[in-house]
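Listed below are the residues making up each chain.
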Amino acid sequence: MCNNAGIANNRTPIMTWETSEDEFDRIVAVNCKGTWNGCRAIVPYMMGKKYGKIVNTSSVVSKEAFAGASIYTASKFFINGLTSALAKEVASSNINVNAVAPGLVRTPCVDRLLVTQGEAWGTTNEGAMEQNVSRIPMGRPQSPEDIGYTVAFLVSDEAKEITGQCFSVDGGNSHI
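Residues numbered from 1 in each chain as written. Predicted model: local features only at pLDDT ≥ 70, side-chain atom pairs only at ≥ 80, totals over all residues. Heavy atoms only, no water.

K.L.:
A description of the overall build of the protein should follow, citing residues and the corresponding values.
P.N.:
Looking only at helices and strands, the protein has 5 helices and 4 strands in total. Sequence-ordered secondary structure for the protein, helices as α and strands as β, is β-α-β-α-β-α-α-α-β. Its C-alpha radius of gyration of 17 Å places the protein within 12% of the 16 Å reference for a compact globule of 176 residues. For the protein, the C-alpha atoms occupy an extent of roughly 55 × 35 × 25 Å along the three principal directions. Split into buried and exposed, the 176 residues of the protein put 43% on the buried side. When contacts within the protein are restricted to residue pairs at least 6 apart in sequence, those whose partners lie at least 24 apart make up 70%. Accessible surface computed for the protein: about 9300 Å², of which carbon and sulfur atoms make up 57%. (Helix = DSSP H or I, 4+ residues; strand = E, 2+ residues; numbered from the N terminus. Rg over C-alpha atoms; globule rule 2.2 N^0.38 Å. Buried < 20%, exposed > 50% of the residue type's maximum accessible area, 1.4 Å probe, protein only. Contact = heavy atoms within 4.5 Å. Areas by Shrake-Rupley, 256 points an atom, 1.4 Å probe, with all protein chains shown as cover.)

In structure tokens:
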């Protein structure tokens, strides 16, 4: 099971006190409740089989908070906490639960982020992309394939002893 649905703020940066309750509810409903519901639905089946692999999609911001996206950031911290706690709850049933924290992956969500960042920073979308990439030690954004390779490893038998972890796939952005 890979819980991969997620949404971000309608615009970034948006400070905590500027975030509407509707936007808070929208982000929490998809990122937190959606991941929780996915886990809740599959775990009984996996427990019956005494085997399973769950990978939740977190974010680089779950390792290093991002000012201007507090609700999104908090929702990704939730996913890491859920991953860790659920891993302990189901380990005796031979179920591995891990998370992947993507960095800067060029997706439609990131494209929307670049528009609002560009406006806030007084630059173009590509200028905002360059500013974001400049903070990545490896000097490049990540690809969907980079994330997919990590997920494929985590659901393989080679990862049978790995559980309760959150793996950053971010070019060193959150750890260097």
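K.L.:
Outline the packing of helix α1 (residues 21–49) against helix α2 (residues 70–90), supporting the account with residue identities and numerical values.
P.N.:
Put simply, α1 and α2 touch, their axes get as near as 9 Å, and they point 15° apart. Comparing the axis directions of α1 and α2 gives the class roughly parallel. Between α1 and α2 the crossing geometry is right-handed. Across the interface between the two elements, Phe24, Ile27, Val28, Asn31, Cys32, Thr35, Trp36, Cys39 and Val43 from α1 touch Ile71, Tyr72, Ser75, Lys76, Phe78, Ile79, Leu82, Leu86 and Val90 from α2. Looking at the contact of α1 with α2 residue by residue, the classes come out as 14 nonpolar, 3 polar and 1 charged. (Axes fitted to C-alpha atoms, helices over the stretch in contact; angles between N-to-C directions. Parallel < 35°, antiparallel > 145°, perpendicular 65-115°, else oblique. Left-handed = near helix turned anticlockwise from the far one by under 90°. Nonpolar A, V, L, I, M, F, W, Y, C, P; charged D, E, K, R; others polar.)

K.L.:
Outline the sheet that holds strand β1 (residues 2–3), supporting the account with residue identities and numerical values.
P.N.:
With parallel pairing, the 4 strands of this open sheet are ordered in space as β1-β2-β3-β4. Both edges of this open sheet fall to β1 and β4 (166–169), since each of them pairs with a single strand only. In the sheet, β1 pairs with strand β2 (residues 52–57) via 2 bridges, with the strands oriented parallel. Along β2, the bridge assignment pairs asparagine 3 with asparagine 56. (Pairing = 2+ DSSP bridges.)

K.L.:
Please set out the nonpolar core residue by residue, giving values where relevant.
P.N.:
As a rule of thumb, soluble globular proteins bury nonpolar side chains together. Counting residues in each nonpolar core, the largest one holds 10 residues, listed as Cys39, Val43, Met46, Ile54, Leu82, Leu86, Ala87, Val90, Ile95 and Val97. Looking at this core, the elements that each hand over two or more residues are α1, α2 and β3 (95–102). Per-element accounting of this core gives the leading share, 4 residues, to α2. Core analysis: the second largest hydrophobic core is formed by 8 residues, Val55, Val100, Ile147 and Ala159 among them. (Core = buried A, V, L, I, M, F, W, Y, C linked by side-chain atoms within 4.5 Å.)

K.L.:
Explain helix α3 (residues 108–121) residue by residue, including any values.
P.N.:
Over its 14 residues, α3 extends 20 Å from the first C-alpha to the last, a length consistent with the 20 Å expected when each residue adds 1.5 Å. Elements in contact with the buried residues of α3: α4 (125–134). Positive backbone phi, approximately 70°, marks glycine 122, located one or two places after α3. (Expected span 1.5 Å × (residues − 1).)

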